[in-house]
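Coordinate analysis (summary)
Residue-level listing of the chains:
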Amino acid sequence: ELDTKPRPAGNCGPFLFNHLIQNIKMKILKFGGTSVGSAERIRSIAKLLPTNEPCVVVLSAMAGTTNALIEITKDAMSGKMLNAIEKTKNLEDKYISTIEKLYISKTYRNRGEEFITDAFQQIIRKLIDGFSDKDSREIVAFGEILSTGLFHMHLTEQGKKSAYISALRFMRTDKDKEPDYYYIEESIERTISSNPFAQVYITEGFICRNSIGEIDNLGRGGSDYTAAIIGNALNATEVQIWTDIDGLHNNDPRFVENTSPLRSLSYDEAAELAYFGAKILHPATIQPCRVKGIPVLLKNTLQPEDEGTLITAFHNPQGVKAIAAKDGITAINIRSSRMLLAYGFLNKVFEVFNQHRTAVDMITTSEVSISLTIDNTENLNAITKQLSAFSSIDVEQNQTIICIVGDFVANRNGYAALVFGALKEIPIRMISYGGSNNNISVLIDSENKVKALQALQGIVDNSTEINSELVTQTIN
Ligand code: ADP
Ligand code: ASP
Ligand code: MG
């Protein structure tokens, strides 16, 4: 059992406006890996918290920690125990040196050290006492537990009324791996009510318990999703995602130069871009906020004065807005073995994907065949075997979906020509157009991804003007 007891309780004196009695709604602020990546960064984000209202703070693990912990568990799984232990010790050293820089007083340095040593002893014990998938999930969970404990102690040392609320006490998924909202809402409200005077409620992103009560997580990059789920459960006034860039850019800044941040996006556009590869947001982040109409604000911790990207229900019509790319796609071509595409064929095909709980992203059809794409290949063998009973199958891996988001019916024609003109040098495997007015997707070989993203930057409409009056109206 992980030790999740709250760390040194904040000095929570009476707070002037008890938000629970007054029913004041809160903001949720999530800080990502780089934002908590060093003692200096941790100190600087403490200064970004609201001073006039209570808030919930959700933290990721310090940059590099989750990767390191995953490597450690992989080493342990494959019997490389000495490697695993050495890497664990190196990681512990990094944390010990962070503590020395983070805390001012000896008392807090000692407390911090005790906290770190205790956590790493637990990790080592888990590594040594036999090893299962459950142990590895528990070890990976320490990333967020560590950063959250350190930040909570920092706030407390600064005299802030901080209350640590363990995500493992309220964040739970059901048997379909979906958030168990009923449980989450009830548990987080109860947890907050038992600390009614805090100004900052601080908790771990990413980690949760699953339907059988084991420690689990929401998938890589899942801290954004945690913030959105908490926002939904508490009917937050805003969910802020603080990261290392000034908002959602109109193309992937890792591969394309001169991209620029979008100032406003609709929920649909943001969800589409996140789903199709804009790493700044976990793909599931938008949904819990959209259903409650909660604005999502993306902000840069390195430049907090920058306005960032505001995501609401407001849709600002504007040509080609942004491009994203999703790798690791598998295309499956399915040809009916009866020569005619008899009615019922599509139904039979989708029934197979349904049975294997595998989502289909893109589809194109011709008279006797269907091409579709999946990104979860866990059940690919079983799927192709079943499909082969009534069709012939080709599978192509290492594909990339390029997603072009914009407003493709507004006033002007010719967007399709613009997109395909830009991509004229690149072989296209599939095209999806018309499913929504806001999206054109193409499937290409992954080796052409960077070239495609760069070529498409030329057609992005760079007018960043937005109708702020309309945005305000939509939010209110
Ligand atoms: P955090 O650790 O704060 O969650 P992430 O690394 O998950 O941060 O997300 C931020 C990174 O996402 C940026 O540094 C950037 O490289 C990458 N990124 C990819 N596509 C986009 C995009 N369209 N707009 C902004 N950032 C993007
Ligand atoms: N620390 C987790 C990860 O690296 C979750 C997150 O950063 O959002 O995937
Ligand atoms: Mg992230």
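Residues numbered from 1 in each chain as written. Chains lettered and ligands numbered in written order. Predicted model: local features only at pLDDT ≥ 70, side-chain atom pairs only at ≥ 80, totals over all residues. Heavy atoms only, no water.

Focus on the environment of Asp-407
Along the polypeptide, Asp-407 turns up in the loop between strand E14 (391-406) and helix H13 (415-422). With a relative accessible area of 8%, Asp-407 lands in the buried category. Along the primary structure Asp-407 and Thr-377 are separated by 30 residues, whereas in three dimensions their C-alpha atoms are 32 Å apart. Other than its neighbours up to four places away in sequence, Asp-407 contacts His-315, Pro-317, Gln-318, Gly-319, Tyr-415, Asn-437 and Asn-438. (Helix = DSSP H or I, 4+ residues; strand = E, 2+ residues; numbered from the N terminus. Buried < 20%, exposed > 50% of the residue type's maximum accessible area, 1.4 Å probe, protein only. Contact = heavy atoms within 4.5 Å.)

Regarding the packing of helix H3 (residues 65-77) against helix H6 (residues 133-157)
Two elements in contact, H3 and H6, have axes whose closest approach is 8 Å; the angle formed by their N-to-C orientations is 160 degrees. Classified by the interaxial angle, the pair formed by H3 and H6 is roughly antiparallel. When you trace H3 past H6, the crossing you get is right-handed. Contacts from Thr-65, Thr-66, Leu-69, Ile-70, Thr-73 and Met-77 of H3 reach H6 at Asp-133, Ser-136, Ile-139, Val-140, Phe-142, Gly-143 and Glu-144. Here the contact of H3 with H6 is composed, by residue class, of six nonpolar, five polar and two charged. (Axes fitted to C-alpha atoms, helices over the stretch in contact; angles between N-to-C directions. Parallel < 35°, antiparallel > 145°, perpendicular 65-115°, else oblique. Left-handed = near helix turned anticlockwise from the far one by under 90°. Nonpolar A, V, L, I, M, F, W, Y, C, P; charged D, E, K, R; others polar.)

Quick word on the site of ligand 1
Inspection of the region around ligand 1 gives 16 residues, with Lys-30, Thr-243, Asp-244, His-249 and Lys-279 positioned closest. Thr-243 has a polar side-chain atom sitting 2.7 Å from an oxygen atom of ligand 1. Ile-280 places a polar main-chain atom, nitrogen or oxygen, 3.5 Å from an oxygen atom of ligand 1. Taken by itself ligand 1 offers 570 Å² of open surface, and the protein chains cover 85% of this. Grouping the amino acids of the shell around ligand 1 by side-chain chemistry returns five nonpolar, six polar and five charged. (Near = heavy atom within 4 Å. Polar contact = N/O pair within 3.5 Å; in protein donor to acceptor, adjacent residues only side chain to side chain. Areas by Shrake-Rupley, 256 points an atom, 1.4 Å probe, with all protein chains shown as cover.)

Here we look at the confidence of the model for the protein chain
Taken residue by residue, the protein chain gives an average pLDDT of 90. The fraction at 70 or more is 90%. Counted against residues more than four places away or in other chains, residues 3-19, with its pLDDT under 50, gives 48 contacts. (pLDDT = per-residue confidence, 0-100.)

Quick look at the packing of aromatic side chains
Tallied over the entire structure, the rule returns six aromatic pairs. Between Tyr-103 and Tyr-108 the ring centres are 6.1 Å apart and the planes differ by 40 degrees, which places this aromatic pair in the tilted class. For the pair Tyr-103 and Tyr-108, one class covers both residues: buried. Between Phe-345 and Phe-390, the aromatic rings sit 6.1 Å apart at their centres with planes inclined by 85 degrees, giving edge-to-face as the arrangement. Residue Phe-345 is found in helix H11 (residues 345-355), and its partner Phe-390 is found in the loop between helix H12 (380-388) and E14; the two are separated by 45 residues along the sequence. Phe-390 matches Phe-345 in its accessibility class, with the two residues each being buried. The ring of Tyr-108 carries the charged tip of Arg-111 above its face, separated from the ring centre by 4.8 Å. The ring of Tyr-275 is capped by Lys-326, whose NZ or CZ atom sits 3.7 Å from the centre of that ring. (Phe/Tyr/Trp six-rings, centres within 6.5 Å; stacked < 30°, edge-to-face > 60°. Lys NZ or Arg CZ within 6 Å of the ring centre and 35° of its normal.)

Some remarks on the site of ligand 2
Surrounding ligand 2, one finds Ser-60, Ala-61, Thr-66, Glu-144, Phe-206, Arg-220, Gly-221, Gly-222 and Ser-223. One nitrogen or oxygen atom from the side chain of Thr-66 is found 2.8 Å from a nitrogen atom belonging to ligand 2. Considering ligand 2 on its own, with 260 Å² of exposed area, one finds that the protein chains cover 86% of that surface.

What about helix H14 (residues 449-457)?
For H14, the full list of buried residues reads Lys-449, Ala-452, Leu-453, Leu-456 and Gln-457. Along H14, the residues classed as buried sweep out an arc of 140 degrees about the axis, all on the same side. On its buried face, H14 is in contact with strand E11 (320-336), E14, H13 and strand E16 (439-445). (Arc of directions from axis to C-beta.)

Structural notes on the pairing of strand E10 (residues 309-312)
By the alternation rule, side chains of E10 split into Thr-309 and Ile-311 and Leu-310 and Thr-312, which are all buried. In this sheet, E10 lies alongside strand E8 (residues 264-266) in parallel orientation, the contact comprising three bridges. Paired with Ser-266 across the bridge in E10 is Thr-312. In this structure, strand E9 (residues 296-300) lies alongside E10, joined through three bridges in antiparallel fashion. Of the residues in E10, the one forming a bridge with Leu-298 is Thr-309. (Pairing = 2+ DSSP bridges.)

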